[in-house]
Amino acid sequence: MHSYSLSHLQQLEAESIFIFREVASQLERPVLLFSGGKDSIVMVHLARKAFFPAKIPFPILHIDTGHNFPETLTFRDNLAEEYQVKLLVRYVQDSIDQGRAVEETGINASRNRLQSVTLLDALEELQVDAAFGGARRDEEKARAKERIFSHRDEFGQWNPKNQRPELWSLYNGRKNVGEQFRVFPISNWTEMDIWQYIALENIQLPPIYYSHQRSVVNRNGVLLAESEFLTLQANEVYEERTIRYRTLGDMTCTGAVESDADTIEKIIQEVASSRITERGGRADDKRSETAMEDRKKEGYF
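Note that this is a predicted model, so its numbers are computed, not measured.

**Concerning the overall build of the chain**
- Within the chain one finds 8 helices and 10 strands.
- Counting contacts in the chain only where the partners sit at least 6 residues apart, residues at least 24 apart contribute 72% of the total.
- For the chain, the accessible surface area stands at approximately 14600 Å², while carbon and sulfur atoms represent 49% of it.

**Let's talk about the nonpolar core**
- Core analysis: the largest hydrophobic core is formed by 57 residues, its most contacted members being F20, L32, F149, V183 and W195.
- Of all the elements in the fold, those that place two or more residues in this core are α1 (8-26), α2 (38-51), α3 (70-83), β4 (130-132), β6 (180-183), α6 (191-201), β8 (222-225) and α7 (264-273).
- It is α2 that provides the largest number of residues to this core, a total of 8 residues.
- Look past the residues within four positions of V183 in its chain and what remains in contact with it is I19, V23, A130, A131, F132, G133, I148 and F149.
- Within the second largest apolar cluster, 15 residues are counted, among which are L33, I96, L114 and L126.

**Notes on the confidence of the model for the chain**
- On average, the chain scores 85 in pLDDT, and the residues at 70 or more come to 81%.
- Considering each helix and strand of the chain separately, the mean pLDDT is smallest for helix α8 (residues 291-298), with a value of 53, and largest for α2, with 97.
- Counted against residues more than four places away or in other chains, residues 284-288, with its pLDDT under 50, gives 16 contacts.

**Considering the pattern of salt bridges**
- All chains considered together, the criterion is met by 15 salt bridges.
- Among the ionic pairs, E13 bridges to K49, the shortest N-O distance being 2.7 Å. You can see E13 sitting in helix α1 and its partner K49 sitting in helix α2, a full 36 residues away along the chain.
- For E13, a relative accessible area of 14% translates into the label buried.
- Across the pair D121 and R100 runs a salt bridge whose closest N-O atoms are separated by 2.6 Å. Of the two residues, D121 sits in helix α5 (residues 115-125) while R100 sits in the loop between α4 (92-97) and α5, which places them 21 residues apart along the sequence.
- Here D121 falls in the partly exposed class, since its relative accessible area comes to 23%.

**What about the packing of α1 against α6?**
- Direction vectors running N to C along α1 and α6 enclose 95°, while the axes themselves pass 11 Å from each other. As summarised for this structure, α1 and α6 are arranged roughly perpendicular, according to the angle between their axes. Along the contact surface, α1 presents H8, L9, L12 and E13, while α6 presents D193, Q196, Y197, L200 and E201.
- Taken together, the residues that form the contact of α1 with α6 break down as 4 nonpolar, 2 polar and 3 charged.

**Structural notes on the packing of α1 against α2**
- One way to put it is that α1 packs onto α2 with a least axis distance of 9 Å and a crossing angle of 70°. Relative to α2, the element α1 is oriented roughly perpendicular. Here E13, S16, I17, F20, R21 and A24 of α1 lie close against α2, whose contacting residues are M43, L46, A47, K49, A50 and F51.
- Considered class by class, the residues forming the contact of α1 with α2 number 8 nonpolar, 1 polar and 3 charged.

Cut-offs applied
Residues numbered from 1 in each chain as written. Predicted model: local features only at pLDDT ≥ 70, side-chain atom pairs only at ≥ 80, totals over all residues. Heavy atoms only, no water. Helix = DSSP H or I, 4+ residues; strand = E, 2+ residues; numbered from the N terminus. Contact = heavy atoms within 4.5 Å. Areas by Shrake-Rupley, 256 points an atom, 1.4 Å probe, with all protein chains shown as cover. Core = buried A, V, L, I, M, F, W, Y, C linked by side-chain atoms within 4.5 Å. Buried < 20%, exposed > 50% of the residue type's maximum accessible area, 1.4 Å probe, protein only. pLDDT = per-residue confidence, 0-100. Salt bridge = Lys/Arg side-chain N within 4 Å of Asp/Glu carboxyl O. Axes fitted to C-alpha atoms, helices over the stretch in contact; angles between N-to-C directions. Parallel < 35°, antiparallel > 145°, perpendicular 65-115°, else oblique. Nonpolar A, V, L, I, M, F, W, Y, C, P; charged D, E, K, R; others polar.

Below, the structure is given as structure tokens:
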């Protein structure tokens with residue numbers, strides 16, 4: 001009789017696949033929230049594995065702020081075609097035009113917080129009862145409080161004191177009419193796990209995750225890419241630097257890191273030696289000590 005043990009990455013993959021299948025069995029109208037970042041790309045890959053050889057049985061939903069990196073949008077469209085998955089896009093600009101959200105003003109204006117309005121409207125329109133998110137517990141202290149099945153009330157809002165125990169990997173999908181779940185299949189993964197899995201599975205990513213030349217401005221220690229959405233202050237100038245991105249969001253608030261890591265192997269080495277958190281370059285997380293938790297309570301991813 002042969003003994004067989006799963007590697008660390010195989011255990012994480014098996015857990016994520018189990019979570020995808022649990023949602024498909026317990027809930028009726030799930031969607032996968034897609035940002036174009038590495039975590040949501042890994043989730044699409046895992047979802048395909050969970051239901052192969054059938055197609056992924058739910059759509060992917062992208063909340064488009066209008067301030068995305070062009071490379072992200074190109075990759076999103078190509079991925080949907082490659083994986084033969086239905087792509088749904090809802091636009092923050094529509095929420096602004098309808099008076100549902102108010103555009104921020106000022107030098108550090110961002111549409112990041114406005115995503116919550118567009119997202120909640122989309123989930124209600126589509127009658128979604130479970131939305132898969134790519135949050136991981138190691139990313140940020142508010143996300144460390146999340147359950148894998150994260151209960152949301154009839155307004156789509158999160159109450160950290162009203163979450164359910166998940167002993168022995170038992171997930172409770174019971175809900176009242178109008179309530180929903182955010183489900184996090186890669187909650188127990190770390191940034192290093194994600195990169196090692198990407199290397200193992202040869203998963204393709206947007207090119208801006210790899211080292212490249214880009215015109216950026218240093219704003220309070222955050223390297224922001226040149227774009228039509230960014231207004232320079234009087235003492236600021238753009239300069240060419242060799243950079244890459246560890247996390248993707250809006251061009252107005254996603255900081256780059258200086259790096260010559262142009263391969264997966266080099267990125268893994270860089271992540272292993274870094275003393276800065278993955279979201280350390282996100283200007284939107286620096287607005288207050290509880291910025292992420294406040295957004296989550298409003299209905300953010």
